[in-house]
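Structure at a glance
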Amino acid sequence: MSFTRGRNAAIEGGGQKLAPFDGARGSFTVGVSDKTGRDFRAHGRLQYVGKHHLQFAGSKQYFLKAGPDAPETLLAYADFDNTRAGKPDTVPLKTWAPHVGDWKAGDPTWRDGKGKGLIGALNYLARKGVNAFSFLTYNAGGDGDNVWPFVEREAKLHYDCSKLDQWGIVFDHATAIGLYLHVKLQENELDDNRLGPERKPGVVPESLDGGALGIERKLYGRELIARFGHALALNWNIGEENTQSTDEIRDMVTFLRATDPYQHHIVIHTFRDSRTRCIDRCWETKHC
């Protein structure tokens, strides 16, 4: 095990080794799953096998993804720690109050009963028979301006551990009830430093490294993979209505592929009339 602390400990080979944890070794035994039904733990990890549909590694069943692609601000939830609305008059935080009644005894909560609305909403989707849902994990400066994993909106190198723990509770529950995680890593308005429909050069303070693969973007990808990559069924969506350059896309895909030990599927959401251009980019990366 590698265990370091200090500046850039998580990326770029920074930090110093911390004894006695660094270098520690151990082992564990994986037993046969006792899960059944929709629970993805009954089927194993969902994998790309060179065919039109993903396949579960355990049960060998193929997966036809079907579920809502909205709201993209699903994680803008009042019960999550340190979550606030950047545009409260037009895009307030969600309470998911209509779905509190769909929460069941034994389902997870946090902080003395918080979370019932969103957990209930996922239960509702599963009960209706769909098997996927989608959400942005970062939209500061975007349409919603109410979802980010940091301790503060602008603190791109400091992650909010309690908020991310709560996201994890939701994602683990989704896995247990057979819901695939469609993770949208960024939104059109903040994926790079290009402005407006003409994509003119400019400055977008919320963009990670201005669209390039730098420390902010690497830490972001690594943090999400480390915390949520164990989920059995998910994809990393490079971005909603993505406008990054071919090189920026290729660099991001290459980093995610090299960092994610589970080799989850990587996809991209094209932007309006850029369909042909994006298909060409995906063909070049061979991962979309």
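Here the residue index of a chain counts from 1 through its sequence in written order. Totals for whole chains, interfaces and linings use every residue, but because this is a predicted model, local features are given only for residues with pLDDT of at least 70 and side-chain atom pairs only at 80 or more, for both listing and counting. Just so you know, side-chain values use all the structure's heavy atoms and leave hydrogens and water out.

1. Let's talk about the overall build of the protein
Cut-off, in case you're wondering: Put simply, DSSP H or I for four residues or longer makes a helix, DSSP E for two residues or longer makes a strand, and each gets a number counted from the N terminus. We compute the radius of gyration over the C-alpha atoms and compare it with the globule rule, which gives 2.2 Å times the number of residues raised to the power 0.38. Burial classification: accessible surface area is computed with a 1.4 Å probe over protein chains only, and a residue below 20% of its type maximum counts as buried, one above 50% as exposed, and the rest as partly exposed. We call two residues contacting when some pair of their heavy atoms lies within 4.5 Å. All accessibility values rest on the Shrake-Rupley procedure with a 1.4 Å probe; residue burial counts only the protein chains present in the view. By the counting rule applied here, Lys and Arg register as positive and Asp and Glu as negative, while His and the ends of each chain are not counted. A charged residue contributes its charge at one atom only: NZ of Lys, CZ of Arg, CG of Asp or CD of Glu.
What the protein contains, in helices and strands, is five helices and eleven strands. For a compact globule of 288 residues, the expected C-alpha radius of gyration is about 19 Å, and the protein comes in at 19 Å, within 12% of that figure. Looking at the protein as a whole, 47% of its 288 residues are labelled buried. Partitioning the intrachain contacts of the protein with sequence separation of at least 6 by distance along the chain shows that 63% fall at a separation of at least 24. For the protein, the accessible area works out to roughly 14600 Å², and carbon and sulfur atoms hold 53% of it. Across the protein, the 38 positively charged side chains and the 37 negatively charged ones have centroids separated by 5 Å.

2. Thoughts on the packing of helix 3 (residues 215-228) against helix 4 (residues 246-259)
Basically, it comes down to this: An axis is simply a line fitted to the C-alpha atoms; with a helix, the fit covers only the stretch in contact. Between two such axes, the angle follows the N-to-C directions and lies from 0 to 180 degrees. For any helix crossing, the convention is left-handed if the near helix is rotated counterclockwise from the far helix by under a right angle, and right-handed if that rotation is clockwise. Ten residue types, Ala, Val, Leu, Ile, Met, Phe, Trp, Tyr, Cys and Pro, are classed as nonpolar, four, Asp, Glu, Lys and Arg, as charged, and the remainder, Gly among them, as polar.
Orientation of helix 3 relative to helix 4, taken along the N-to-C sense of each, is 35 degrees, at an axis distance of 10 Å. Helix-helix and strand crossings are classified by hand; for helix 3 and helix 4 the assignment is right-handed. Together, Arg217, Lys218, Gly221, Arg222 and Ile225 of helix 3 and Met252, Phe255, Leu256 and Thr259 of helix 4 make up the contact between the two elements. Residues of the contact of helix 3 with helix 4, tallied by class, amount to four nonpolar, two polar and three charged.

3. Observations concerning helix 2 (residues 161-176)
Spacing of three or four residues puts side chains on the same side of an α-helix, whose turn is 3.6 residues. Stated formally: Helix span, as expected, comes to 1.5 Å for every residue beyond the first.
Counted at 1.5 Å a residue, the expected span for helix 2 with its 16 residues is 22 Å, and the 22 Å between its end C-alpha atoms agrees. Looking only at helix 2, the buried set comprises Lys163, Leu164, Gln166, Trp167, Gly168, Val170, Phe171, His173, Ala174 and Thr175. Looking one or two residues past helix 2, Gly178 carries a phi angle of roughly 80 degrees, positive in sign.

4. Re the sheet that holds strand 4 (residues 54-56)
Let me state the cut-off plainly: Any two strands between which DSSP finds at least two bridges are classified as paired.
The antiparallel open sheet is built from three strands, whose spatial order is 3-4-5. Sheet topology places strand 3 (46-47) and strand 5 (62-63) at the edges, where each strand pairs with a single neighbour. Across two bridges, strand 3 lies against strand 4 in antiparallel orientation. When the bridges of strand 4 are listed, Leu46 appears paired with Phe56.

5. So, the nonpolar core
This is how the line gets drawn: Residues enter a nonpolar core if they are buried and are Ala, Val, Leu, Ile, Met, Phe, Trp, Tyr or Cys, with the set joined through side-chain atoms within 4.5 Å.
Core analysis: the largest hydrophobic core is formed by 50 residues, its most contacted members being Phe133, Leu181 and Trp236. Per element, the largest residue contribution to this core is six residues, and it comes from helix 1 (residues 116-127). Ignoring anything within four residues of it in the chain, the contact list for Phe133 reads Pro68, Leu74, Leu122, Leu125, Ala174, Leu179, Tyr180, Leu181 and His182.

6. Re the packing of aromatic side chains
What counts is decided by this rule: Pairing of aromatic rings covers Phe, Tyr and the six-membered ring of Trp, with a centre-to-centre limit of 6.5 Å; geometry is then stacked below 30 degrees between planes, edge-to-face above 60, and tilted otherwise.
All chains considered together, the criterion is met by 14 aromatic pairs. Summarising the aromatic geometry, the rings of Tyr77 and Trp110 are spaced 6.4 Å apart at their centres and angled 90 degrees between planes, so their arrangement reads as edge-to-face. Residue Tyr77 is found in the loop between strand 5 and helix 1, and its partner Trp110 is found in the loop between strand 5 and helix 1; the two are separated by 33 residues along the sequence. An identical accessibility class is assigned to Tyr77 and Trp110; each is buried. Ring centres of Phe133 and Phe135 lie 5.4 Å apart, and the angle between their planes is 40 degrees; this geometry places the pair in the tilted category. As far as burial versus exposure is concerned, Phe133 and Phe135 are alike and both buried. Three or more aromatic residues joined by ring pairs form one cluster here, namely Phe40, Phe56, Phe63 and Tyr180.

Nothing here speaks to function; it is all geometry.
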